[in-house]
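Examination of the molecular architecture
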Amino acid sequence: MKQTKPYKIPKSLLYEAYQRVKANKGGSGVDGQSLQAFDQDLSNNLYKLWNRLSSGSYFPQAVKRVEIPKADGGIRPLGIPTVADRIAQMVVKIQIEPELERHFHPDSYGYRPNKSAHHAVESVKERCWQRAWVLDMDIKGFFDAIDHQLLMKAVDKHVKEDWHRLYIRRWLQASVLHPDGHLEQKTQGTPQGGVISPLLANLFLHYAFDQWLTKHHPDVQFARYADDIVCHCRTEQEAITLLAVLKERFVSCGLLLHPEKTKIVYCKSWKNKADYAQISFDFLGFTFRPRLTKCRDGILLVCFLPAVSRKAAQRIRDEINSWPWLKWTQGGVKSIIVYSRSKLRGWMAYYGKYGRGVISHVLFHFDKKLSRWAKRKYKKIKGITQAVKRVNAFKSRNPRLLAHW
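Presented here is a report on the structure given in the accompanying data block. Keep in mind that what you see is a predicted model, and the values were worked out from it rather than measured.

Re the overall build of the chain
Counting its regular elements, the chain contains 14 helices and 11 strands. Reported as C-alpha extents along the three principal axes, the dimensions of the chain are approximately 85 × 60 × 40 Å. Residue pairs in contact within the chain that sit at least 24 positions apart in sequence constitute 68% of those at least 6 positions apart. For the chain, the computed accessible surface area is about 21,600 Å², with 51% contributed by carbon and sulfur atoms. A distance of 11 Å separates the average location of the 68 positive side-chain charges in the chain from that of its 36 negative side-chain charges.

What to know about the sheet that holds strand β9 (residues 281–283)
Here three strands make up an open sheet; going across it, the order is β9-β10-β11 and the pairing antiparallel. With partners counted over all chains shown, the strands left at the sheet margins are β9 and β11 (300–308), one partner each. Adjacent strand axes in the sheet meet at a mean angle of 50 degrees when their direction is disregarded. When β9 meets strand β10 (residues 286–294), the two strands line up antiparallel, connected through three bridges. Residue pairing for β10: Asp282 is matched across the bridge by Thr287.

A look at the pattern of salt bridges
Inspection of every chain in the model, using the stated rule, returns 12 salt bridges. Across the salt bridge formed by Glu16 and Arg20, the nearest N and O atoms sit 2.8 Å from each other. Placement of the pair is Glu16 and Arg20 together in helix α1 (residues 11–24), with a separation of four residues, close to one helical turn. What makes Glu16 partly exposed here is its relative accessible area of 30%. A residue is classified by how much of its surface remains accessible, and Arg20, at 37% relative accessible area, is partly exposed. Where Arg165 meets Asp162, a salt bridge forms, and the shortest distance between an N and an O atom there is 2.6 Å. Note that Arg165 and Asp162 are positioned in helix α8 (residues 162–173) at a spacing of three residues, about one turn of the helix. Salt bridges sharing common partners tie together Asp156, Asp162 and Arg165.

Some remarks on a nonpolar patch on the surface
Taken together, the side chains of Leu292, Leu300 and Val302 define a hydrophobic patch exposed on the protein surface, amounting to about 300 Å² of accessible area. Counting through the fold element by element, Val302 comes out in strand β11.

Focus on the sheet that holds strand β6 (residues 221–225)
In spatial order, the strands read β6-β7-β3-β8; together these four strands make up an open sheet with antiparallel pairing. In this open sheet, the two strands that pair with only one neighbour each are β6 and β8 (263–266). Within this sheet the neighbouring strands show an average axis-to-axis angle of 20 degrees, counted without direction. The strands touched by helix α5 (residues 117–130) are β3 (133–138), β6 and β7 (228–233); relative to β6, the strand with the most contacts, the crossing angle is about 155 degrees. Lying over the sheet, helix α10 (residues 236–252) contacts β3, β7 and β8, oriented at roughly 20 degrees with respect to β3.

Some details on the packing of helix α7 (residues 148–158) against α8
Working note: a packed helix pair is described by the angle between its axes plus the distance between those axes. Contact geometry of α7 with α8 gives a least axis separation of 11 Å together with a crossing angle of 160 degrees. In terms of orientation, α7 and α8 fall into the roughly antiparallel class. The two elements α7 and α8 cross, and the hand of that crossing is right-handed. In contact with His148, Leu151, Met152, Val155 and Asp156 of α7, α8 contributes Arg165, Ile168, Arg169, Leu172 and Gln173.

Here we look at the environment of Val308
Along the chain, Val308 turns up in strand β11. Distance from Val308 to Phe288, taken between C-alpha atoms, is 8.9 Å for residues 20 residues apart in sequence. Those residues in contact with Val308, other than ones at most four positions away along the chain, are Gly285, Phe286, Thr287, Ala313, Tyr351, Tyr354, Val358, Ile359 and Val362.

Thoughts on a positive patch on the surface
A cluster of basic residues, Lys368, Arg372, Lys375, Arg376 and Lys379, forms a positive patch at the surface. Relative to the helices and strands, Arg376 resides in helix α13 (residues 356–377). According to the relative accessible area criterion, Arg376 is partly exposed, its value standing at 48%.

So, how was this worked out
- Residues numbered from 1 in each chain as written.
- Predicted model: local features only at pLDDT ≥ 70, side-chain atom pairs only at ≥ 80, totals over all residues.
- Heavy atoms only, no water.
- Helix = DSSP H or I, 4+ residues; strand = E, 2+ residues; numbered from the N terminus.
- Contact = heavy atoms within 4.5 Å.
- Areas by Shrake-Rupley, 256 points an atom, 1.4 Å probe, with all protein chains shown as cover.
- Lys, Arg positive; Asp, Glu negative; His and termini not counted.
- Charge placed at Lys NZ, Arg CZ, Asp CG, Glu CD.
- Pairing = 2+ DSSP bridges.
- Axes fitted to C-alpha atoms, helices over the stretch in contact; angles between N-to-C directions.
- Salt bridge = Lys/Arg side-chain N within 4 Å of Asp/Glu carboxyl O.
- Buried < 20%, exposed > 50% of the residue type's maximum accessible area, 1.4 Å probe, protein only.
- Patch = residues over 30% accessible without salt bridge, like charges linked within 9 Å, V, L, I, M, F, W, Y side chains within 5 Å.
- Parallel < 35°, antiparallel > 145°, perpendicular 65-115°, else oblique.
- Left-handed = near helix turned anticlockwise from the far one by under 90°.

What follows is the structure, given as structure tokens:
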């Protein structure tokens, strides 16, 4: 007699999930199995995963903790699930995301279909022109602080399939393997790096912040990208009051606002800026502040506008400084172009959307490094001035070769 599985999961769904995980790339988890190794026995690996998911016997392995240095000197902890666990998470995400999307707030932009960081930045830019004050908030260690009980309350409300809820609970409770080898049992948080974590984080903040603010302070506009939040207020007193009540709200949800990174900012440009303690803030790699800009009719005005932030600019310079071609002696300029082109194009596409001149100036760092490389490479070039002239002449002949040229 044929035994049926308790959970009906289409095998085709696992293959779709696998394709999405493969497209996202990513490293191996605690089992050391890479995507390439998973591919070598793909059918068998997917079948075993399907069998475990369908029977209810699936338990995730521990999450590998990877610590990434932050620009401010801190550490960003990432949790990397195994390839099989990422596929399992993608299976559930594919099925529950459309239902959750129906409820999410339009001013929530992070990790959502058909929404982007540029959409969030554009919203903030336009609203800064309309309202004079911004409350810029940073939630301290958000992904590691999510309350499991509150999150599962929201999951139970929207997620109807038993096996979806079962596995979400198991992923939340999965232990974490630290670099020093010790295992940590999790009672709160969702690993930043998991496939389903951004969706669960959005669901948590939908109730902790979006819905609450809409209900209790309907006149306040906001833009939220995951845990990066900007609120727009009409007066300084409104911003002060809002900060006080939001501190209490977040504490009641198990979250803390970072005392040093949360601030109230004046965002108009025609007053004396010395009268205000804060006149700039960072959001998604852009710094919003008063900037001198030329209108279409040639008139110069000071406007409150975004451009690449100082931290993001320094990260770009640091990455260019680490590129191996700086020490190449064999390859030519064509090899350097091939190596560098896609990265430069990506930076220009993202940061060039706002403040194109600022990011072009930052990427001029690449040109300086190219000039120094040319001086070392070609013995006929006698000094850095001559090397710069050679690079500038090459740029003039090939203005479309690199995005910032």
